[in-house]
Amino acid sequence: MRRLFWVGVGVAVGVTATRKVNELTQKATPAGVGTSLGEGLRELGAGLGAFGAEVRAGMNERSEELYAMVEDTTEIPVRPDPPSSARHARAPRRGDSHAR
């Protein structure tokens, strides 16, 4: 019975070690390196997007605080008008003719 237990432990360790070695050799191939690099770049892009969103949210919050402080101090409304869709129309590119 003890021998059967140790054979089972040996088989389990062997299977686990074989799987780990296969994973490492797959990561070392050009396709594995490309996959790892692609996943890393996707994570970096997602992190940069989240960072940009946090920065924009902080900027908006701080500008609201500053507008409120100026308006409370001077009693003059200084907040800009909300943007309309016409104000954000795409500007013509360099080289485009202005007459259409």
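Our subject is the structure that appears above.
Every value quoted in this text rests on a predicted model; they were computed, and no experiment measured them.

Asks: Now, about the overall build of the protein: what can you tell me, with residues and values included?
Replies: From N to C terminus, the protein includes two helices and zero strands. Carbon and sulfur atoms make up 62% of the accessible area of the protein, which totals about 9,300 Å².

Asks: Residues and numbers for the pattern of salt bridges, please.
Replies: Tallied over the entire structure, the rule returns three salt bridges. Across the pair arginine 62 and glutamate 65 runs a salt bridge whose closest N-O atoms are separated by 3.1 Å. Placement of the pair is arginine 62 and glutamate 65 together in helix H2 (residues 30-74), with a separation of three residues, close to one helical turn. Residues arginine 79 and glutamate 64 are paired through a salt bridge, measuring 2.3 Å at the closest nitrogen-oxygen approach.

Asks: Hey, could you go over H2 for me, with residue numbers and the actual values?
Replies: Turn by turn, an α-helix covers 3.6 residues, leaving residues three or four places apart pointing in a common direction. Across its 45 residues, H2 extends 65 Å between first and last C-alpha, which sits within 8% of the 66 Å expected from 1.5 Å per residue. Those residues of H2 not exposed but buried are Gly32, Gly52 and Glu71. On its buried face, H2 is in contact with helix H1 (2-28). Two residues or fewer past H2, glutamate 75 is found with a positive phi of approximately 60°.

Asks: Tell me about the side chain of glutamate 71, and name the residues and values.
Replies: Position of glutamate 71 relative to the elements: it lies in helix H2. Non-local contacts of glutamate 71, meaning those with residues more than four positions away in its chain, are made with Ile76, Pro77, Val78 and Arg79.

Asks: Describe in detail the packing of H1 against H2, supporting the description with residues and values.
Replies: Packing of H1 against H2 leaves a shortest axis separation of 4 Å and a crossing angle of 80°. By the angle between their directions, the pair H1 and H2 is classed as roughly perpendicular. Contacts between H1 and H2 involve Gln26, Lys27 and Ala28 on the former and, on the latter, Pro30, Gly32 and Val33. Classifying every residue of the contact of H1 with H2 gives three nonpolar, two polar and one charged.

Asks: Tell me what's going on with a nonpolar patch on the surface, and back it up with residues and numbers.
Replies: Among the surface-exposed residues, Leu66, Met69, Val70, Ile76 and Val78 lie close enough to one another that they form a single nonpolar patch of about 390 Å² accessible area. In this fold, valine 70 is placed in helix H2. Valine 70 sits in the partly exposed class, given a relative accessible area of 33%.

Asks: Talk me through unusual backbone geometry; I want residue IDs and the actual numbers.
Replies: Of note, the phi angle at glutamate 75 is positive, near 60°, even though the residue is not glycine. With respect to the helices and strands, the residue glutamate 75 is situated in the segment after H2. You can call glutamate 75 exposed: its relative accessible area is 70%.

Definitions and cut-offs
- Residues numbered from 1 in each chain as written.
- Predicted model: local features only at pLDDT ≥ 70, side-chain atom pairs only at ≥ 80, totals over all residues.
- Heavy atoms only, no water.
- Helix = DSSP H or I, 4+ residues; strand = E, 2+ residues; numbered from the N terminus.
- Areas by Shrake-Rupley, 256 points an atom, 1.4 Å probe, with all protein chains shown as cover.
- Salt bridge = Lys/Arg side-chain N within 4 Å of Asp/Glu carboxyl O.
- Expected span 1.5 Å × (residues − 1).
- Buried < 20%, exposed > 50% of the residue type's maximum accessible area, 1.4 Å probe, protein only.
- Contact = heavy atoms within 4.5 Å.
- Axes fitted to C-alpha atoms, helices over the stretch in contact; angles between N-to-C directions.
- Parallel < 35°, antiparallel > 145°, perpendicular 65-115°, else oblique.
- Nonpolar A, V, L, I, M, F, W, Y, C, P; charged D, E, K, R; others polar.
- Patch = residues over 30% accessible without salt bridge, like charges linked within 9 Å, V, L, I, M, F, W, Y side chains within 5 Å.

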